[in-house]
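Coordinate analysis (summary)
Each chain, letter by letter, is given below.
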Amino acid sequence: MIPEIKYNCLIIEDEPIAMEIMEYFISQNKDFHIVGKCWDAIYANSLLKMHQIDLIFLDLHLPAIKGFEFLKRLKNRPHVIVTTAFHQYALEGYELNIVDYLLKPISYSRFQDSIEKFKHLMNAEKAILEIEDRDFIFVNIAKRKIKIVLQDVFYIESIREYIKIHTKQEVYTVKMPISKFEKDLDRNNFIRIHKSYIVSRSKIEVMSASEITVNGKKLPIGRTYRPFISN
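A brief structural summary. Fair warning: this is a prediction, and the values are worked out from it, not measured in the lab. (Residues numbered from 1 in each chain as written. Predicted model: local features only at pLDDT ≥ 70, side-chain atom pairs only at ≥ 80, totals over all residues. Heavy atoms only, no water.)

Re the overall build of the protein chain
A count of helices and strands for the protein chain gives 7 helices and 16 strands. Dimensions of the protein chain along its principal axes, counting C-alpha atoms only, are 55 × 45 × 30 Å. Per-residue burial over the protein chain gives 45% buried out of 231 residues. When contacts within the protein chain are restricted to residue pairs at least 6 apart in sequence, those whose partners lie at least 24 apart make up 47%. Entry remark: accessible area of the protein chain is about 13200 Å², with carbon and sulfur atoms responsible for 51%. For the protein chain, the centre of its 34 positive side-chain charges and the centre of its 30 negative side-chain charges are spaced 4 Å apart. (Helix = DSSP H or I, 4+ residues; strand = E, 2+ residues; numbered from the N terminus. Buried < 20%, exposed > 50% of the residue type's maximum accessible area, 1.4 Å probe, protein only. Contact = heavy atoms within 4.5 Å. Areas by Shrake-Rupley, 256 points an atom, 1.4 Å probe, with all protein chains shown as cover. Lys, Arg positive; Asp, Glu negative; His and termini not counted. Charge placed at Lys NZ, Arg CZ, Asp CG, Glu CD.)

If you want it as structure tokens, here you go:
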């Protein structure tokens, strides 16, 4: 019998009623297990060190350390669904690659939509099925296993929760985080130049301080990545 998959989640919420509602919503989904509940980011950080967390439900206006500041400090952070009464931080949230941004009061149907987005992302992280000698990779696209020869890849582009793999043959779209794809690439052959781009070193045509040209396409170099590009 195949064991039931349970996703471990953490609720970070300083409003008691909102905490109860979120806890009730999660309890209606058998695939989820609440590992911990806390009121502030400091305690949340302790829980993350003790447990393997797949998903955080994060309020933004927390005491001491605010929600996004907490996220920026985390290394190897789990997936995050933001729960807040403030709409103006949504863009910043998506720039931090959150799964979804829920505005309070949150309906159960809207909550379920977020849960489905998270499940799709988790499934996408399993999309890379096989790497042999770093020569090629299989990805799941539309229920088919597609073989992509890494030597044929020009660059990988991130668009929200999707990546586009630009190759000599065509552009393949896969629903998965670019950070997951990056982990499975040989850094001797591929380099991250921007939060949205990974390029093949051998396909670089022109390089300047601010951009790289690959297959005639000019790609920006992110400030964070500039110190590593010349290495």
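Structural notes on the pairing of strand 12 (residues 190-194)
In terms of burial, strand 12 is largely enclosed, as 5 of its 5 residues are buried. Direction of pairing for strand 12 relative to strand 13 (residues 197-200): antiparallel, over a ladder of 4 bridges. Across the sheet, the residue bridging to His 194 is Tyr 197, located in strand 13. Linking strand 12 to strand 13, which pair antiparallel, is a turn of 2 residues. (Pairing = 2+ DSSP bridges.)

Side note on the pattern of salt bridges
As enumerated under the stated definition, the model contains 12 salt bridges in all. Notably, a salt bridge pairs Glu 69 with Arg 73, separated by 3.3 Å at the nearest N-O pair. Placement of both Glu 69 and Arg 73 in helix 3 (residues 67-73) is noted, with a separation of 4 residues, approximately one turn of the helix. Overlapping salt bridges bring together Glu 13, Glu 15, Asp 59 and Lys 104 as one network. (Salt bridge = Lys/Arg side-chain N within 4 Å of Asp/Glu carboxyl O.)

Examining the side chain of Asp 100
Positionally, Asp 100 belongs in strand 5 (residues 100-103). For Asp 100, the side chain forms a polar contact with the side chain of Arg 110, separated by 2.8 Å. Non-local contacts of Asp 100, meaning those with residues more than four positions away in its chain, are made with Val 80, Ile 81, Val 82, Tyr 94, Arg 110, Ser 114 and Lys 117. (Polar contact = N/O pair within 3.5 Å; in protein donor to acceptor, adjacent residues only side chain to side chain.)

Comments concerning the side chain of Thr 167
By the secondary structure assignment, Thr 167 is in strand 10 (residues 162-167). Within polar-contact distance, the side chain of Thr 167 engages the backbone nitrogen of Gln 169 at 3.2 Å. Not counting chain neighbours up to four residues away, the residues in contact with Thr 167 comprise Ile 148, Asp 152, Val 153, Phe 154 and Tyr 172.

Considering the state of the cysteines
If you walk through the whole model with that rule in mind, you get 0 disulfides. Between Cys 9, a free cysteine, and Cys 38, which holds the nearest cysteine sulfur, the sulfur-to-sulfur gap is 12 Å. Here Cys 9 falls in the buried class, since its relative accessible area comes to 0%. (Disulfide = S-S within 2.5 Å.)

So, the sheet that holds strand 4 (residues 79-84)
If you trace the 5 strands from one edge of the open sheet to the other, you get 2-1-3-4-5, paired in parallel fashion. In the strand order of this sheet, the two ends are held by strand 2 (32-38) and strand 5, each with one partner. Neighbour to neighbour, the strand axes of the sheet diverge by 20° on average, direction disregarded. The pairing of strand 3 (residues 55-58) with strand 4 spans 4 bridges and is classified as parallel. Considered in strand 4, the bridge of Phe 57 is made with Ile 81. Along the sheet, helix 1 (residues 16-27) makes contact with strand 1 (7-12), strand 2, strand 3 and strand 4, crossing strand 2 at roughly 165°. Contacting strand 1, strand 2 and strand 3, helix 2 (residues 41-50) runs over the sheet at an angle of about 140° to strand 2. (Axes fitted to C-alpha atoms, helices over the stretch in contact; angles between N-to-C directions.)

Here's the deal with helix 1
The end-to-end C-alpha distance of helix 1 is 16 Å, a good match for the 16 Å that 12 residues give at a rise of 1.5 Å each. Looking at helix 1, one finds that the buried residues are Ala 18, Met 19, Met 22, Phe 25 and Ile 26. Axial view of helix 1: buried residues confined to an arc of 130°, hence all on one face. Across helix 1 from its buried face, at more than 90 degrees, point the exposed residues Pro 16, Ile 17, Glu 20 and Tyr 24. (Expected span 1.5 Å × (residues − 1). Arc of directions from axis to C-beta.)

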